[in-house]
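Chain by chain, the residues run as shown.
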Amino acid sequence: MSKISGLGGRLHSGETSIDFIGKRRRWYALSGLLIIASIAALSLQGLHLGIEFKGGASYTVTKAGSTVAQADTALASAGISNEVIVQKVGNDKIRIQTGSLTSEKSNALQDALASTFAVSIDSIDTQIIGPSWGKEITRKALYGLIGFIAVVMLYLAMAFEPKMAVAAIVAVIHDVFITVGIYALVGFDVTPATVIGFLTILGYSLYDTVVVFDKVRENTRSVTATSKMTYSQAANLAVNQTLVRSANTSIMALLPVGSILFVGAGLLGAGTLKDLSLALFIGLATGAYSSIFIATPLLAVMREREPAMKALAKRVHARGNSQVLATAGAPSEDVTQKRGPRNQPKRKGRK
Amino acid sequence: MSTSNKSVKAAARPGRTLVILALLMLALLASVLISGATAVRLGLDLRGGTSVTLQPRIAPGENGKVTTEAIDQAVSIIRQRVNSLGVAESEVAAQGSGTNRQIIISIPGDTGRRVVELVGQTAELRFRQVLASAPGAASATPADSTATPAAAVTPELNAQFAALDCTKAENLQGTGSDNADSPIIACDRNGGSKYILDKAEVLGRQVSKATAGIDQQGGNAWYVSLVFNDEGTRAFGAITARVTSLPSPQNQVAIVLDGLVVSAPRINEAIPSGNAQITGSFTQVEAQDLANVLKYGALPLAFDRGEVQQVSPTLGADQLNAGLLAGFLGLALVLLYSLLYYRGLGIVSVGSLLVAGALVYLFFLLLGKWIGFTLTLAGIAGAIVAIGITADSFIVYFERIRDEVREGRSLRSAVETGWVRARRTIIVADFVSIIAAVLLYFFAVGGVRGFAFTLGLTTLVDLLVVFAFTKPLTTYLARLNFFSSGHALSGVSPKSLGALSHSTKEA
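Residues numbered from 1 in each chain as written. Chains lettered and ligands numbered in written order. Predicted model: local features only at pLDDT ≥ 70, side-chain atom pairs only at ≥ 80, totals over all residues.

> Mind showing me how you'd approach the overall build of chain A here?
Scanning chain A from terminus to terminus reveals 15 helices and 6 strands. Evaluated residue by residue, chain A yields a buried proportion of 49% over its 351 residues. Within chain A, contacts between residues at least 6 apart in sequence are counted, and of these 79% link residues at least 24 apart. (Helix = DSSP H or I, 4+ residues; strand = E, 2+ residues; numbered from the N terminus. Buried ≥ 20, exposed ≤ 12 C-beta atoms within 10 Å, placed from the backbone. Contact = placed C-beta atoms within 7 Å.)

Now the structure itself:
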């Protein structure tokens, strides 16, 4: 415990500093590799879409001692053989999934299941999805995605600065790609619940990035005036300073999501809870990674291209890079400290 | 401490904020008790039931666009059918916007297959001549009110007519399956009378315009005016010319929608022009309803079955339990972690999460009463995910406090300056989360909406709790010796945080 706090203190002062921005090419390469793998998996294998997207029906019979063979008998007697998947779920459930059925066929299958398993028709959990339904959902999800990115970009550009908005959105798109890629690669089922998960990841990943960027902005506000650090160095310090928060946030977010995943997969077998939490679990992990390793370096690179920042970098380098690293840890030279109180009244005035 | 005057003043009365929050919670609790919202309304996936999502489209062989009015009409027709089942708490609602609206039907309990077949049929509008009419109840003697039934009425039809009891709900469901080419028996929409009707002579799609209007000269009476297209003009001209001289009730033409008589006006004269007016003692609402029915009839909708979901009460209960278990487990783990990591400060996050939980629960209860909010499995998942977001607000704040302590501030000062900085981050970050929730809500269908709603609601509650509970409580705790002296277990001990050595420094 005290060890972690100690680390937090050293990260805060800059005494211990992980060079995220300087080593950015390494992270870019890693992410690039992952994205290429994702695209490859997506185009070679494609996503394993649930019946909600392609149309079909699913029936779940709950009865102790039920067997897959019984379900096969029922399917045969109803004369249904297209895209059939029969699974045993948990101890006492049998799930039968088929392709699109007419309502007569669907009724015939329900009747057959009811008589084979000796249960009432109403106790069979049924889900029937029309063939055009999936397109509708996909279209809406896509609209949601585009609308979300547009609105958030606008908001971030206003609340922070345009370049931060760009960097944040690139990080989000990165997360979506990798998460979708993992789904394609592993072959997890994609259901509407998964889509909810994806969309939530966008929010979460941005949220994470926002917190880091807030600190970046604070650290870099007076960076040109003091000429002690380049933009990149100040941004890197910000990432280090928020590292403990990022780690804690990710852990605290993963704990409830993990418990949904555990309960959803363990107790219910399949369904909304499992699909949702799995997407969130994977997305949260990539989200935490991208806000530190992708978004901030990207921002720094974009800002460093500005003439003012180039000039600043020159001034700082003229003073000697080694000196900067040495002074960053020393109390009297601490950038955050000097700047903090001075900015406070300004903030109040704005509120 | 003198220079920190401003921030201290801003937080001068943490007690007052806490009292206001307590009053707010009491007010919510009182509303809950007064409105009698004893339990959170559960969605069908948690208590069992059938939900059907229909995607309206133009019926085969018709042209035109699916309009909002047409969908509203379809909703009221389907509602009529569903209500005839007599299942309490059934709901029929349109969702989505413009031409992409869907109709969602939810019916609790075990009515699965019947509902699915009932709601998906196309409802058509037809004009039929009245051959006989009688009060709604079943009558002992056949055809009591008509001395000489018209030639088309067979004895079987007459017997069916006599037996028909329009006071029974199941006879008012409408089917859309009335055969256009043969005489039928039908009930009035509200069950007050029953009719034998001739074959359909004018069809709904032959109506080109229908409006409700008010006659300013004639004592401000509401009327409905109708314009037929060419085909309709000829057909309507023919039927009116034929029936106008017949004895009552055969001089009436019934407007039949979905197998139910909406109105059966008497024909005063032959109308060859294709322009007709229906007058009577209409209220404004009645006139507009009738006009809408006529307009809707111009474009019968067919329904594609988008999604049918039938959840047995057993599965519903399982899912509810699993959702609750996941919620408690998630909450417990987060509480445990924050106590382990933040020690004394963890008490603040435990308290804040419990207050947030209580607020969310109260809102669930009240919104169920107020706007018919139902909690679904996806909604529970949204609330659980929000535990993480809520906890993060505390983390952002605590880490700021610790940063300030590291820079050598006293705890009391760190709590205030840290808050000023954390506040902005929390607002911006929560706002992004709210944008996500709102967009999800408006773009999504079905379960996603439930998720988005709870996510948005809990994020708002998070903002409220952070401002009205977490901050004031932290201010209070900072005054306690345990915290301000930097006890090793307080979570803000300058020593273990690695604070700068010259800790006497004051900003």
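On we go from here.
> Can you walk me through the overall build of chain B in this structure?
Helix and strand counts for chain B come out as 14 helices and 12 strands. Among the 507 residues that make up chain B, the fraction classed as buried is 51%. For chain B, contacts bridging at least 24 residues in sequence account for 73% of all contacts bridging at least 6.

> Looking at this structure, I do not really get the domain arrangement of chain A. What am I missing?
In terms of domains, chain A is made up of domain 1 (14-48 + 134-340) and domain 2 (56-129). When each unit is reduced to the centre of its C-alpha atoms, the spacing between domain 1 of chain A and domain 2 of chain A is 45 Å. (Domains from an automatic or database assignment.)

> How do you make sense of the nonpolar core when you look at a structure like this?
Across soluble globular proteins, you tend to see nonpolar side chains buried next to one another. Ranked by internal contacts, the top residues of the largest apolar core, which has 227 residues, are A168(A), I105(B), Y195(B) and A381(B). The greatest single-element share of this core, amounting to 18 residues, is contributed by helix α10 (residues 377-406) of chain B. Residues contacting A168(A), with those up to four places away along its chain left out, are L156(A), L206(A), T209(A), F213(A) and A295(A). (Core = buried A, V, L, I, M, F, W, Y, C linked by C-beta atoms within 7 Å.)

> Explanation requested: the packing of helix α2 (residues 24-44) of chain A against helix α12 (residues 272-304) of chain A in the structure shown.
A pair of packed helices is characterised by two quantities: the angle between their axes and the separation of those axes. Residues and elements named next belong to chain A. One way to put it is that α2 packs onto α12 with a least axis distance of 10 Å and a crossing angle of 120 degrees. Considering the angle they form, α2 stands oblique to α12. The element α2 and its partner α12 pack so that their crossing is left-handed. Contact residues: R24, W27 and S31 in α2; F293, I294 and P297 in α12. Of the residues belonging to the contact of α2 with α12, the class tally is 4 nonpolar, 1 polar and 1 charged. (Axes fitted to C-alpha atoms, helices over the stretch in contact; angles between N-to-C directions. Parallel < 35°, antiparallel > 145°, perpendicular 65-115°, else oblique. Left-handed = near helix turned anticlockwise from the far one by under 90°. Nonpolar A, V, L, I, M, F, W, Y, C, P; charged D, E, K, R; others polar.)

> Is there a simple way to explain the interface of chain B and chain A in this structure?
Think of interface size as the accessible area that goes away when the parts come together; that is how it is often given. At the interface, 66 residues of chain B touch 68 residues of chain A. Considering each element in turn, the side of chain B that touches chain A owes the most residues, 15 residues, to α10(B). Considering only residue class, the side of chain B that touches chain A consists of 36 nonpolar, 17 polar and 13 charged. As paired elements, strand β5 (residues 125-129) of chain A and strand β12 (residues 301-311) of chain B share 4 bridges and run antiparallel to each other. Following the sheet pairing, Q127(A) is matched in β12(B) by Q309(B). (Pairing = 2+ DSSP bridges.)

> Teacher, can you tell me more about the sheet that holds strand β8 (residues 221-228) of chain B here?
The pairing of strands in a sheet comes from backbone hydrogen bonds and takes either a parallel or an antiparallel form. Residues and elements named next belong to chain B. Spatially, β7-β8-β11 is the arrangement adopted by the 3 strands of the open sheet, whose pairing is antiparallel. In this open sheet, the two strands that pair with only one neighbour each are β7 (207-215) and β11 (275-282). Direction aside, neighbouring strands of the sheet carry axes that sit 20 degrees apart on average. Pairing between β7 and β8: 8 bridges, direction antiparallel. For I214, the partnering residue across the bridge sits in β8 and is W222.

> Would you mind showing me how to read the domain arrangement of chain B here?
Residue and element names in this part refer to chain B. Here chain B is described as being made up of domain 1 (2-42 + 312-497), domain 2 (45-120) and domain 3 (125-297). Contact with domain 2, which involves 10 residues of that partner, is made by 11 residues of domain 3. For the side of domain 2 that touches domain 3, the element with the most residues is helix α4 (residues 68-83), which contributes 6 residues.

> I keep staring at the pairing of strand β3 (residues 85-89) of chain A and nothing clicks. Help me out?
The side chains of a regular strand alternate between both faces of the sheet. Residue and element names in this part refer to chain A. Relative to strand β4 (residues 93-98), β3 runs antiparallel, the two sharing 5 bridges. Residue pairing across strands places V86 opposite I96, the latter belonging to β4. Counting the residues between successive antiparallel strands, the hairpin from β3 to β4 contains 3 residues, one of them, G90, with a positive phi of roughly 65 degrees.

> Looking at this structure, I do not really get unusual backbone geometry. What am I missing?
A negative phi angle characterises most non-glycine residues, just as the trans form characterises most peptide bonds. Unusually for a residue other than glycine, A118(A) sits at a positive phi of about 55 degrees. Backbone geometry places R343(B), a non-glycine residue, at a positive phi of 45 degrees. A residue is classified by how many C-beta atoms lie within 10 Å of it, and R343(B), with 19 of them, is partly exposed.

> Please clarify how the environment of L42(A) should be interpreted in this entry.
Residues and elements named next belong to chain A. With respect to the helices and strands, L42 occurs in helix α2. Linking L42 and E83, residues 41 residues apart in sequence, is a C-alpha distance of 22 Å. Setting aside its immediate chain neighbours within four residues, L42 contacts V180, G181 and A184.

> Is there a simple way to explain the sheet that holds strand β9 (residues 253-257) of chain B in this structure?
All names here are of chain B. On the basis of which strands lie adjacent, the closed barrel formed by 5 strands has the order β4-β6-β5-β10-β9 and mixed pairing. Averaged over all pairs of adjacent strands, the angle between their axes in this sheet comes to 55 degrees, without regard to strand direction. Contacts between helix α7 (residues 230-243) and the sheet are confined to β4 (125-135), β6 (193-203) and β9, with β6 contributing the most and set at about 135 degrees to the helix.

> Even after reading the chapter, I still don't get the environment of V119(A), so can you show me in this structure?
Residue and element names in this part refer to chain A. Looking at the secondary structure, you find V119 in the loop between α5 (103-117) and β5. Judged by the 16 C-beta atoms lying within 10 Å of it, V119 falls in the partly exposed class. Distance in space between the C-alpha atoms of V119 and T200 is 39 Å, their sequence separation being 81 residues. Ignoring any residue separated from it by four or fewer positions in sequence, one finds V119 in contact with V61, K63, A114 and I124.

> Got a minute to help me understand the pairing of β9(B) in this structure?
Residues and elements named next belong to chain B. Counting buried positions along β9 gives 5 out of 5 residues, so the element sits mostly inside the fold. Every second residue of β9 is oriented toward a common face, with V253, I255 and L257 on one face and A254 and V256 on the other, all of them buried. The pairing of β4 with β9 spans 5 bridges and is antiparallel. Bridging across to β9, R128 finds its partner in A254. Of the pairings in the sheet, the one linking β9 to strand β10 (residues 260-263) comprises 3 bridges and is antiparallel in character. Paired with L257 across the bridge in β10 is L260. Between β9 and β10, which follow one another and run antiparallel, lie 2 residues, and D258 among them has a positive phi close to 55 degrees.

> What is the right way to look at the packing of helix α6 (residues 133-159) of chain A against helix α11 (residues 411-443) of chain B in this model?
Look at α6(A) against α11(B): their axes get within 9 Å of each other, and the N-to-C directions meet at 155 degrees. It follows from the interaxial angle that α6(A) and α11(B) lie roughly antiparallel. Where α6(A) crosses over α11(B), the two elements pack in a sense that is right-handed. Together, K140(A), Y143(A), G144(A), G147(A), F148(A), V151(A), V152(A), Y155(A) and A159(A) of α6(A) and V428(B), V432(B), I435(B), A436(B), L439(B), L440(B) and F443(B) of α11(B) make up the contact between the two elements.

> What is the right way to look at the confidence of the model for chain B in this model?
Any segment with low pLDDT has predicted coordinates that should not be analysed in fine detail. All names here are of chain B. Looking at chain B as a whole, the pLDDT averages 79, with 85% of positions reaching at least 70. When the criterion is pLDDT under 50, residues 1-11 qualifies, and its contacts beyond four places in sequence or with other chains add up to 13 contacts. Low pLDDT, under 50, characterises residues 142-148; the stretch is placed with 14 contacts to residues that sit more than four places away or in other chains. Overall fold confidence for the complex sits at a pTM of 0.71, while the interface term, ipTM, reaches 0.74. (pLDDT = per-residue confidence, 0-100.)

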